[in-house]
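Observations on the model geometry
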Amino acid sequence: MGATLDEDNERVRITTWSFAGDGDATGPHVHELDYVVVPLTGGTLTVVGADGSHATMEQVAGSPYFRPAGAAHDVVNASGRAVSFVEIELKV
């Protein structure tokens, strides 16, 4: 699993997340900013909430979505293959 910081300026932070296979995870984290995710490959992810809850999420390649600040979770690849997405955090 890897994260590549593509851009970080006064307005946005852009990170590409790449999961090599099942079980790769972002690690627990809290989103302090609103953000947009742009799936590059699509795939199945398990979102583990800070409270221990589990939710399955299907990402579709090229179908972006928005989330507000405050989410506390870990994101785990459950696709059976490599998965990647771009996360764009909005600073303004």
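Residues numbered from 1 in each chain as written. Predicted model: local features only at pLDDT ≥ 70, side-chain atom pairs only at ≥ 80, totals over all residues. Heavy atoms only, no water.

**Some details on the pairing of strand β9 (residues 83-90)**
For β9, the tally of buried residues reaches six of eight residues, placing the bulk of the element in the interior. As paired strands, strand β2 (residues 12-19) and β9 are joined by eight bridges and run antiparallel to one another. Opposite Phe 19, over in β9, you have Val 83 as the bridge partner. (Buried < 20%, exposed > 50% of the residue type's maximum accessible area, 1.4 Å probe, protein only. Helix = DSSP H or I, 4+ residues; strand = E, 2+ residues; numbered from the N terminus. Pairing = 2+ DSSP bridges.)

**Notes on the packing of aromatic side chains**
Per the counting criterion, the structure on display carries one aromatic pair. When the ring of Phe 19 is compared with that of Phe 85, the centres are 5.7 Å apart and the planes differ by 35°; the resulting orientation is tilted. One end of the pair, Phe 19, is in strand β2; the other, Phe 85, is in strand β9, and 66 residues separate them in sequence. What makes Phe 19 buried here is its relative accessible area of 1%. (Phe/Tyr/Trp six-rings, centres within 6.5 Å; stacked < 30°, edge-to-face > 60°.)

**Concerning the layout of surface pockets**
Counted as a void, the largest pocket has a volume near 250 Å³. In this structure, the largest pocket is lined by 18 residues; those nearest its centre are Tyr 35, Met 57, Tyr 65, His 73 and Val 75. Listed by contribution, the elements that provide at least two residues to the lining of the largest pocket are β4 (34-39), β5 (43-49), β6 (54-59), β7 (65-67), β8 (72-77) and β9. In terms of residue count, β6 provides more of the lining of the largest pocket than any other element does, four residues in total. Residues that form the lining of the largest pocket fall into these classes: ten nonpolar, six polar and two charged. (1 Å grid on protein atoms, 1.4 Å probe; cavity = no way out; pocket = protein on both sides within 12 Å on 5 of 7 lines; lining within 4 Å. Points joined across faces, edges and corners; volume = space filled by probe spheres on them. Nonpolar A, V, L, I, M, F, W, Y, C, P; charged D, E, K, R; others polar.)

**Examining the nonpolar core**
For soluble globular proteins, the rule of thumb is that nonpolar side chains tend to be buried together. Membership of the largest hydrophobic core is limited to eleven residues, which are Trp 17, Phe 19, Tyr 35, Val 37, Leu 45, Val 47, Met 57, Tyr 65, Val 75, Val 83 and Phe 85. If you list the elements that add at least two residues to this core, you get β2, β4, β5 and β9. In this structure Phe 85 touches Thr 15, Thr 16, Trp 17, Phe 19, Val 37, Val 38, Pro 39, Leu 40, Leu 45 and Gln 59, once residues within four positions along its chain are discounted. (Core = buried A, V, L, I, M, F, W, Y, C linked by side-chain atoms within 4.5 Å. Contact = heavy atoms within 4.5 Å.)

**Quick look at the sheet that holds β9**
Spatially, five strands are ordered β1-β2-β9-β4-β7 in an open sheet, and the strand pairing comes out antiparallel. Edge positions in the sheet fall to β1 (2-8) and β7, since each has one partner strand and no second. The mean inter-strand angle of the sheet, taken between neighbouring strand axes irrespective of direction, is 20°. (Axes fitted to C-alpha atoms, helices over the stretch in contact; angles between N-to-C directions.)

**A few points about the side chain of Thr 26**
When you line up the elements, Thr 26 lands in the loop between β2 and β3 (29-30). Assessed through its relative accessible area of 18%, Thr 26 is described here as buried. A polar contact is formed between the side chain of Thr 26 and the side chain of Asp 74, at a distance of 3.2 Å. In this structure, Thr 26 is in contact with Met 1, Trp 17, Phe 19, Asp 74 and Val 75, ignoring residues within four places of it in sequence. (Polar contact = N/O pair within 3.5 Å; in protein donor to acceptor, adjacent residues only side chain to side chain.)

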